[in-house]
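# Per-entry structural report
Each chain, letter by letter, is given below.
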Amino acid sequence: MRRMLSVEEAGEGILHAARRMYERRYVAANDGNLSVRISDDRLVVTPTGMSKGFMSRSDLVVTDMKGERVSGKRKPTSEIMMHIRAYELRDDIGSVVHAHPPYATAFAVAGIPLVECVLPEVIVSLGSIPLADYGTPSTEEVPRSIESVVTRSDALLLRNHGVMTVGNCVLDAYHKLETVEHFAEITFIARHLGSVSSLAHDDVRKLVEVRAAAGGGSVYPGCEESGICGVPQGADQTELVKIIVEEVVKILREGGNALD
Ligand SMILES: [Zn+2]
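This section reports on the structure supplied with the text. (Residues numbered from 1 in each chain as written. Predicted model: local features only at pLDDT ≥ 70, side-chain atom pairs only at ≥ 80, totals over all residues. Heavy atoms only, no water.)

So, on to the overall build of the protein chain. Along the protein chain, the regular secondary structure elements total 8 helices and 8 strands. Split into buried and exposed, the 260 residues of the protein chain put 48% on the buried side. Total accessible area on the protein chain is roughly 12,000 Å²; 51% of this is exposed by carbon and sulfur atoms. (Helix = DSSP H or I, 4+ residues; strand = E, 2+ residues; numbered from the N terminus. Buried < 20%, exposed > 50% of the residue type's maximum accessible area, 1.4 Å probe, protein only. Areas by Shrake-Rupley, 256 points an atom, 1.4 Å probe, with all protein chains shown as cover.)

Below, the structure is given as structure tokens:
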């Protein structure tokens, strides 16, 4: 269940994540945009034409779910309709983040989705990272291009453009952006070393079960598209898988991080 936030709470979260995004060079100039859903019909969003590293609370804009400004002095981001489409299709999310981090964007430019099952923490936190078709920025083509992918993944590459992630809150969505970029950088290096070895089918299955048991199973997390494992969600657990999954979930529930 999404927690409803005040404009102030949402704004603080956006400014914090936006600064980190800028400091990590995930955006250049005025690129990127962030939003938080604060109620059924209200979003707090970043303005168009401003660096994400130098915004203050008064620069943020409140809109309705049609993208019309309700309060704030600036114009909302030109990609507002991409954010709105994600919220329309995913009632479970509270934030959308978009940036152009170099490694992940390079994969988006090369037309290579990040769907190989190679890193446990990526499978558990994100699942696969598919590639959405290209859409001309700030046109209806962009929201249309994400429709078929945002329904099954919390992170996507936007072809010839960048990355979009969704989460319960803005920090959750931002952390997914960091994970995508880190994963893209590691994949890039591994490819240059000569090989990317995928996890075995059974090992992927354990991670998929951990993800589902930890409550992250709203979308299909496997690397179906690569044809490497094709693990169906909710597959029958063998005794061994069950024991391992229970162990990891126990660590997670006790506030630990089994994969840090
Ligand atoms: Zn962009």
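From this point on, the discussion continues.
Attention now moves to a nonpolar patch on the surface. Residues Phe 188, Ile 189 and Leu 193 make up a contiguous nonpolar surface patch of roughly 320 Å² in combined accessible area. Looking at the secondary structure, you find Leu 193 in helix α6 (residues 170-193). (Patch = residues over 30% accessible without salt bridge, like charges linked within 9 Å, V, L, I, M, F, W, Y side chains within 5 Å. Salt bridge = Lys/Arg side-chain N within 4 Å of Asp/Glu carboxyl O.)

Here the focus is the nonpolar core. Judged by nonpolar contacts, the single largest core of 38 residues is most densely connected at Met 21, Leu 34, Leu 114, Ile 129, Leu 157, Leu 177 and Val 180. Counting residues per element, the ones that place at least two in this core are α1 (7-23), β1 (33-39), β5 (95-99), α3 (102-110), β7 (155-158) and α6. Among the elements that line this core, the one with the most residues is α6, at 7 residues. For Leu 177, the contacting residues outside a window of four places in its chain are Met 21, Tyr 26, Val 97, Ala 99, Pro 101, Val 163 and Thr 165. Leu 43, Met 82, Val 150 and Leu 158 belong to the second-largest nonpolar core, a separate cluster that totals 20 residues. (Core = buried A, V, L, I, M, F, W, Y, C linked by side-chain atoms within 4.5 Å. Contact = heavy atoms within 4.5 Å.)

The next point concerns the sheet that holds strand β4 (residues 69-71). Taken in spatial order, the 8 strands of this open sheet run β4-β3-β2-β1-β5-β8-β7-β6, and their pairing is mixed. Each edge of the sheet is formed by a strand with only one pairing partner; in this case those strands are β4 and β6 (131-132). Where β7 meets strand β8 (residues 162-167), 4 bridges bridge the pair, whose relative direction is antiparallel. Counted as the bridge partner of Leu 156 is Met 164 from β8. The strands touched by α1 within the sheet are β1, β2 (42-45), β3 (61-63) and β5, with β1 carrying the most contacts at an inclination of about 160 degrees. (Pairing = 2+ DSSP bridges. Axes fitted to C-alpha atoms, helices over the stretch in contact; angles between N-to-C directions.)

The next thing to look at is the pattern of salt bridges. In total, this model carries 15 salt bridges according to the counting rule given. Arg 85 is the salt-bridge partner of Glu 88, the closest N and O atoms lying 3.3 Å from each other. Highlighted residues: Glu 88 and Arg 85, both in helix α2 (residues 80-89), separated by 3 residues, approximately one helical turn. For Arg 85, a relative accessible area of 14% corresponds to the buried category. Ionic pairing is found between Glu 116 and Arg 191, a salt bridge with its closest N-O pair at 3.8 Å. Placement of the pair is Glu 116 in the loop between α3 and α4 (120-125) and Arg 191 in helix α6, with a sequence separation of 75 residues.

A few words on the coordination of the zinc ion. Around the zinc ion, the protein contributes the donor atoms His 98 (NE2), His 100 (NE2) and His 161 (NE2), at 2.0 to 2.1 Å from the metal centre. In primary-sequence terms, the residues that donate to the zinc ion follow H-x1-H-x60-H. For His 98, a relative accessible area of 2% gives the class buried. (Donors = N, O, S within 2.8 Å, 3.2 Å for Na, K, Ca; no water.)

At their nearest, the axes of α1 and α6 sit 9 Å apart, and the two run at 15 degrees to each other. Overall, the two elements α1 and α6 adopt an arrangement that is roughly parallel. Relative to α6, α1 is oriented so that their crossing is right-handed. Residues Gly 13, Ile 14, His 16, Ala 17, Arg 20 and Met 21 of α1 pack against Val 170, Leu 171, Tyr 174, His 175, Leu 177 and Glu 178 of α6. Among the residues forming the contact of α1 with α6, the class breakdown is 7 nonpolar, 3 polar and 2 charged. (Parallel < 35°, antiparallel > 145°, perpendicular 65-115°, else oblique. Left-handed = near helix turned anticlockwise from the far one by under 90°. Nonpolar A, V, L, I, M, F, W, Y, C, P; charged D, E, K, R; others polar.)

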